[in-house]
Amino acid sequence: MQIRNVERLAEDLVEKSFSVINDKKPLWDKLKYYYYTGTPNGSPALVNKVYSYVDTLASMLYAAQLTVFSINTPIGTPPEMIQLIPIVRDKLMQIWDVGDFDQVIDQAVKKSIVYGSCFIKTLWTDDGVRLYLINPWDFGVANQNIEHLDDQEWLIHRYYDTPENVKRYLKTIGKEYKFKQLSTIKREDGWDSSPFAHIINASLKSGGEIVVDENAQEIPEESKNDLIEMYEIWVKDDNLKDYRIITWNKDAGVIFDRENFYMKHNHPFSAIIPVPAGAYGYPEIQQILHLQDWVNERVSQLKELMYKQLFPSIAITGAALTDEEAKLMYQTEGILNIADPTAHITPITIPSNLQAVFAELSEIDKLFYEISGIKEIMLGGVNSSAVRTAEQTSTLAVLASSRVKKKVFAIQNSLEKLAHLIVDLLRTYDKTKIPTQAGEITLSFFDCEFEVKIDAHSQSPLFAMQWEQDLVFLLQSGIIDGGQFVELKRFPNWQELQARYYQRQQAAAQAQIQLEQLKHGKKA
């Protein structure tokens with residue numbers, strides 16, 4: 001893109017990108033309320049199946065407790081580069097675990113199931129690599145029909161910062177005078193409002209009647225914070241042949257305009273999209289909202305029916321009772337005196353088929369998962385007479401998981417790009433000395449083309465048994481040893497167990513050598 005007037009360009013790009021987002025925002029709000037409460041307006045449903053559905057599907061798509069990396073290089077890579085692969089892989093695994101990246105990505109996967117997409121910003125800070133979640137309504141693109149971010153002409157990250165941080169930033173770049181032009185807005189600080197918040201803060205009142213409140217989604221003004229809305233624009237500049245980074249505000253205009261300081265030809269954004277459908281994906285839960293409405297209707301009717309069964313209406317003939325006298329009939333040990341001996345009190349029984357209602361709810365429950373390709377056997381619901389062994393159950397579950405696997409591989413492709421970006425950051429900025437046989441080096445020595453492959457689903461409930469069977473096969477075939485088995489299985493304290501295994505192996509080898517020496521000594 002040819003950039004002539006930066007001020008006009010920034011305003012134009014923000015208007016184009018966020019006009020699309022403003023059209024999508026009502027749908028995202030609706031999906032958020034269904035996810036948290038099971039209703040489209042934020043009032044809590046008696047039974048919220050959407051939340052449990054998202055939790056179950058996310059556990060199958062990504063296993064946060066174990067992510068396995070491998071690094072591959074092209075044919076012809078120098079041997080000295082290949083020798084560095086284990087060091088780079090171990091460093092990547094270390095910061096992945098220490099930085100709690102698995103928990104951040106677990107939240108990103110859940111968000112992407114709800115909204116269709118979630119974006120991750122990867123930055124290098126004084127504390128190393130950090131990941132930040134970005135909601136889809138805070139991330140603008142040039143063309144919503146293009147899925148890959150690298151193919152977008154520009155990317156925009158909208159974020160909200162405190163006046164103190166903005167003032168400190170402006171002072172650093174010598175533009176403190178701009179602060180007077182900025183205005184603040186009231187905004188709640190929660191999981192779905194701030195792109196830098198990773199903690200869900202949602203609570204629902206329980207007990208009593210469920211009353212629909214049309215303003216349930218509104219946050220009290222006193223609980224909101226004064227924040228400044230900022231836009232970070234990454235646009236491809238034909239003159240630079242790289243990204244140009246513009247920080248912009250609606251009131252003050254361009255705050256900062258600079259060349260790509262991140263990494264040459266790279267931007268810090270990654271997209272998590274389980275069901276690819278353009279830049280923002282397809283919201284997985286959109287296809288089950290009518291089922292949640294169905295559940296809400298039946299559960300509400302069931303509640304009313306049960307109430308009428310427990311406290312049936314009564315027909316009184318031959319006497320007139322006040323309201324207080326009528327209430328006595330439903331009180332424990334209540335006594336009611338009626339003078340007329342011909343009076344009759346008859347409960348009005350309401351015919352009901354509760355078994356049919358519960359059977360219907362059970363079938364609705366199955367439909368929630370059937371729509372996404374999650375079969376009953378994948379959830380552990382299997383007829384014991386039809387399946388004889390756990391191995392057979394695992395095999396049937398894997399065979400039934402073809403539709404789920406599509407989402408698994410879509411997420412893994414995104415995570416592989418994210419991991420590649422992290423390694424590039426480590427090679428560029430990490431100055432930590434790593435001891436090797438050739439001396440101390442930094443990761444910048446790993447100067448070759450590579451690709452990162454990730455296995456982030458094998459320990460999910462769906463694939464765990466198959467993963468264990470594969471590991472046992474590799475161990476029994478001699479392809480891996482006991483130490484590698486412990487590492488891949490990632491037992492608690494696996495490093496200690498691995499060291500103990502190799503110590504025993506070394507002690508056994510030394511004992512064998514001494515035994516051979518004794519045998520040769522006797523022969524002599």
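Residues numbered from 1 in each chain as written. Predicted model: local features only at pLDDT ≥ 70, side-chain atom pairs only at ≥ 80, totals over all residues. Heavy atoms only, no water.

### Section: the overall build of the chain
Broken down by element type, the chain carries 14 helices and 15 strands. By residue count, 42% of the 524 residues in the chain fall in the buried class. The long-range fraction of contacts in the chain, counting pairs at least 24 apart against all pairs at least 6 apart in sequence, stands at 70%. (Helix = DSSP H or I, 4+ residues; strand = E, 2+ residues; numbered from the N terminus. Buried < 20%, exposed > 50% of the residue type's maximum accessible area, 1.4 Å probe, protein only. Contact = heavy atoms within 4.5 Å.)

### Structural notes on the pattern of salt bridges
By the definition in use, this model includes 19 salt bridges. Linking D12 and K16 is a salt bridge whose minimum nitrogen-to-oxygen distance equals 3.3 Å. With D12 and K16 both in helix α1 (residues 6-37) and 4 residues apart, this pair spans about one turn of that helix. Among the salt bridges present, the one from E360 reaches R298, with a minimum N-O distance of 2.9 Å. (Salt bridge = Lys/Arg side-chain N within 4 Å of Asp/Glu carboxyl O.)

### So, the packing of helix α7 (residues 289-310) against helix α9 (residues 354-370)
α9 packs onto α7 with a crossing angle of 160° between their chain directions and a minimal axis gap of 11 Å. The angle between α7 and α9 falls in the class roughly antiparallel. The two elements α7 and α9 meet at a crossing, and its hand is left-handed. Only L354, V357, F358, E360, L361, I364, L367 and F368 of α9 make contact with α7, whose side of the interface consists of L291, Q292, W294, V295, R298, V299, L302, L305 and M306. In terms of residue class, the contact of α7 with α9 is made up of 14 nonpolar, 1 polar and 2 charged. (Axes fitted to C-alpha atoms, helices over the stretch in contact; angles between N-to-C directions. Parallel < 35°, antiparallel > 145°, perpendicular 65-115°, else oblique. Left-handed = near helix turned anticlockwise from the far one by under 90°. Nonpolar A, V, L, I, M, F, W, Y, C, P; charged D, E, K, R; others polar.)

### Brief notes about unusual backbone geometry
Phi is positive for K241, close to 55°, though the residue is something other than glycine. Among the structural elements, K241 can be located in the loop between β7 (225-237) and β8 (242-249). Note on K241: relative accessible area 63%, which makes it exposed. Its identity as a non-glycine residue notwithstanding, H265 has a phi of 65°, on the positive side. Of note, H265 is situated in the loop between β9 (253-259) and β10 (269-272). By relative accessible area, which is 47% here, H265 ends up partly exposed.

### Some thoughts on the side chain of E229
Tracing the sequence through the fold places E229 in strand β7. Residue E229 is classed as buried on the basis of its relative accessible area of 14%. Only 2.8 Å separates the side chain of E229 from the side chain of Y160, close enough to count as a polar contact. When sequence neighbours within four positions are dropped, the list of residues in contact with E229 reads R158, Y159, Y160, I185, N249 and K250. (Polar contact = N/O pair within 3.5 Å; in protein donor to acceptor, adjacent residues only side chain to side chain.)

### Examining the nonpolar core
The biggest cluster of nonpolar side chains holds 101 residues, and the ones touching the most others in it are V109, I233, I285, I422 and V452. Element by element, the count of residues in this core is highest for α1, at 12 residues. With residues up to four places along the chain from it excluded, the contact list for I233 reads A10, L13, V14, L155, I156, R244, I245, I246 and W248. Core analysis: the next-biggest nonpolar cluster, separate from the first, contains 8 residues, Y159, V166, L170 and I255 among them. (Core = buried A, V, L, I, M, F, W, Y, C linked by side-chain atoms within 4.5 Å.)

### Quick word on the packing of α1 against helix α5 (residues 101-115)
In a pair of packed helices, the angle between the axes and the distance between the axes together describe the arrangement. For the pair α1 and α5, interaxial distance at closest approach is 9 Å and the crossing angle is 120°. Here W28, L31, K32 and Y35 of α1 come into contact with α5, specifically with K110, V114 and Y115. A class-by-class count of the residues in the contact of α1 with α5 yields 5 nonpolar, no polar and 2 charged.

### Focus on the confidence of the model for the chain
For the chain, the average pLDDT comes to 80, and 82% of its residues sit at 70 or higher. Predicted confidence in the chain is weakest over helix α10 (residues 390-399), with a mean pLDDT of 51, and strongest over strand β4 (residues 139-141), with 96. Every residue in residues 189-223 is under pLDDT 50, and counting partners more than four places away or in other chains gives 67 contacts. (pLDDT = per-residue confidence, 0-100.)

### A closer look at the environment of V50
Summarising the element assignment, V50 is placed in helix α2 (residues 49-61). Using a relative accessible area of 0% as the deciding quantity, one classes V50 as buried. A C-alpha to C-alpha distance of 6.3 Å links V50 and G38, two positions 12 residues apart in sequence. Excluding its chain neighbours within four sequence positions, the residues that come into contact with V50 are Y34, Y35, I285, I288 and Q292.

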